[in-house]
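# Secondary and tertiary structure notes
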Amino acid sequence: MPIHPALPLTLRSIARLERAGGIRSPRLTEPTFEKWHRIRRHLGWRDFVALLHQDLADAFPAPFNLAAWSADPTGDLTHDEAEQAIRTAVAPDDSDAHTFLRAAARALGLPATGSLSDVPRTQPHQKVLELPGSCGRIAAWQVLSQPGLAFHDQFVFVADSDVERILIGLAAVEARANTPTILTTAEVRAHIGRGQRFDRAIGVRGWAAADSLAGELGGDVRWA
């Protein structure tokens, strides 16, 4: 069974966190994996993958809490696959957040297009709905390039699949944000039915779920 396409990305995200510093001492990016070899005893590389995610699941649950994925991505992972994924994740990586998230979207089969800078600036008092498909990329762009915005307070994200939720989580990690608010399309429709409104919706054109929901909102929708 092929390795879950998100697993190399979450491992790479962990490596990016460790290289940036300030989160914890390196484990994945530690040369020769010294700490791991010191404590592993009878544990294997698959256990190392699980522990790396577990250690960060409280801080960044959307990408790293493997128990929230529809299926455990480590369940069928072989020793060799796990070791290869780890060694690939620690390869040199000098990409910025937006390049990393665009590559992640492409790898997950999500839209990697759109000019994010074309979306009007979100104001600090606004509540914005990010439509399905863009998965946090627009919010991360704005938060990282425009001081005074909060990824987890001002943006609400729509996702109906594991890969969408994981990409939103990866965007939250890049923005160093608290746990994002993620709603399903059905939950957004319920909000609308109760009369709740957002100041604006944002998204990437050409993603059917985003186009459909935008039509139902009938308000201010801005596209990347």
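Scroll up to find the structure this text is about.
Everything quoted here is computed from the prediction, not taken from an experiment. (Residues numbered from 1 in each chain as written. Predicted model: local features only at pLDDT ≥ 70, side-chain atom pairs only at ≥ 80, totals over all residues. Heavy atoms only, no water.)

## Considering the sheet that holds strand S1 (residues 128-130)
Formally: At least two bridges found by DSSP between two strands is the condition for calling them paired. Strands are runs of DSSP state E lasting at least 2 residues, helices are runs of H or I lasting at least 4, and numbering of each runs from the N terminus. Lines fitted to the C-alpha atoms define the axes, with helices restricted to the stretch that makes contact. Angles between their N-to-C directions range from 0 to 180 degrees. Note on contacts: a residue pair qualifies if any of its non-hydrogen atoms lie within 4.5 Å across the two residues.
Ordered by their spatial adjacency, 5 strands build an open sheet running S3-S2-S1-S4-S5, and the pairing between neighbours is parallel. Looking along the sheet, the strands with just one partner apiece sit at the ends: strand S3 (181-183) and strand S5 (221-223). Averaged over all pairs of adjacent strands, the angle between their axes in this sheet comes to 25°, without regard to strand direction. As paired elements, S1 and strand S2 (residues 155-158) share 3 bridges and run parallel to each other. In the sheet register, Glu-130 faces S2, and the bridge partner there is Phe-157. Helix H7 (residues 137-145) rests against S1, S2 and strand S4 (200-203) of the sheet, and its axis sits at about 160° to S2.

## A look at the pattern of salt bridges
Here is the rule: Salt bridges, as used here, are contacts in which a Lys or Arg side-chain nitrogen is within 4 Å of a carboxyl oxygen on Asp or Glu. Think of it in three bands: with a 1.4 Å probe and only protein chains considered, a residue is buried below 20% of the maximum accessible area for its type, exposed above 50%, and partly exposed in between.
Counting across every chain of the model gives 9 salt bridges. Here Arg-165 ties to Asp-162 by a salt bridge, and the two come within 3.2 Å at their closest N and O atoms. With Arg-165 and Asp-162 both in helix H9 (residues 162-175) and 3 residues apart, this pair spans about one turn of that helix. For Asp-162, a relative accessible area of 14% gives the class buried. Here Glu-216 ties to Arg-189 by a salt bridge, and the two come within 2.8 Å at their closest N and O atoms. Placement of Glu-216 in helix H11 (residues 208-217) and of Arg-189 in helix H10 (residues 185-193) is noted, with a sequence separation of 27 residues between them. A single network of salt bridges, built from pairs that share partners, joins Arg-12, Arg-16, Asp-93 and Glu-174.

## Here's the deal with the pairing of S2
Looking along a regular strand, one sees the side chains alternate between the two faces of the sheet. Applied cut-off: Orient the strands so they point away from the viewer; a crossover is then right-handed if the path from the first strand over the helix to the second runs clockwise.
Across the two faces of S2 the burial is the same, with Phe-155 and Phe-157 and Val-156 and Val-158 all buried. Pairing between S2 and S3: 3 bridges, direction parallel. Residue pairing in the sheet places Phe-157 in a bridge with Ile-182 of S3. Since S2 and S3 lie parallel, the crossover through H9 that links them has a hand, and here it is right-handed.

## Details of helix H3 (residues 45-56)
Which entries qualify depends on this criterion: Helices are assigned an expected span. That span is 1.5 Å times one less than the residue count. Working note: the arc is built from the helix axis to C-beta atom directions.
The first and last C-alpha atoms of H3 sit 17 Å apart over 12 residues, in line with the 16 Å expected at 1.5 Å per residue. Three or more residues of H3 are buried, namely Trp-45, Phe-48, Val-49, Leu-52, His-53 and Leu-56. For H3, the arc enclosing every buried residue in end-on projection is 130°, short of the 170-degree limit, so these residues lie on one face. In the core, the buried residues of H3 are packed alongside helix H1 (7-20), helix H2 (34-39), helix H4 (61-64) and helix H5 (79-89).

## As for the packing of aromatic side chains
Keep this limit in mind: Stacked, tilted and edge-to-face pairs are distinguished by plane angle, under 30 degrees for stacked and over 60 for edge-to-face with tilted covering the rest, among Phe, Tyr and Trp rings (Trp via its six-membered ring) whose centres lie within 6.5 Å.
Tallying each qualifying case throughout the model produces 6 aromatic pairs. Taken together, a centroid distance of 6.4 Å and an interplanar angle of 25° make the contact between Phe-155 and Phe-157 stacked. Each of the two residues, Phe-155 as well as Phe-157, counts as buried. Three or more aromatic residues joined by ring pairs make a cluster, and in this case those are Phe-33, Trp-45 and Phe-48.

## A few points about the nonpolar core
Just so we agree on the cut-off: Nonpolar core, defined: a set of buried Ala, Val, Leu, Ile, Met, Phe, Trp, Tyr and Cys residues in which side-chain atoms within 4.5 Å join the residues together.
If you look at the biggest cluster of nonpolar residues, it comprises 57 residues, and the most contacted ones within it are Phe-151, Leu-167 and Leu-170. Counting residues per element, the ones that place at least two in this core are H1, H3, H5, helix H6 (97-107), H7, S2 and H9. Ranked by residues supplied to this core, first place goes to H9 with 9 residues. Not counting residues within four places of it along the chain, the set of residues in contact with Leu-170 comprises Leu-9, Thr-10, Ser-13, Pro-63, Phe-100, Leu-101 and Ala-104. Core analysis: the second largest hydrophobic core is formed by 13 residues, Val-156, Leu-213, Val-221 and Trp-223 among them.

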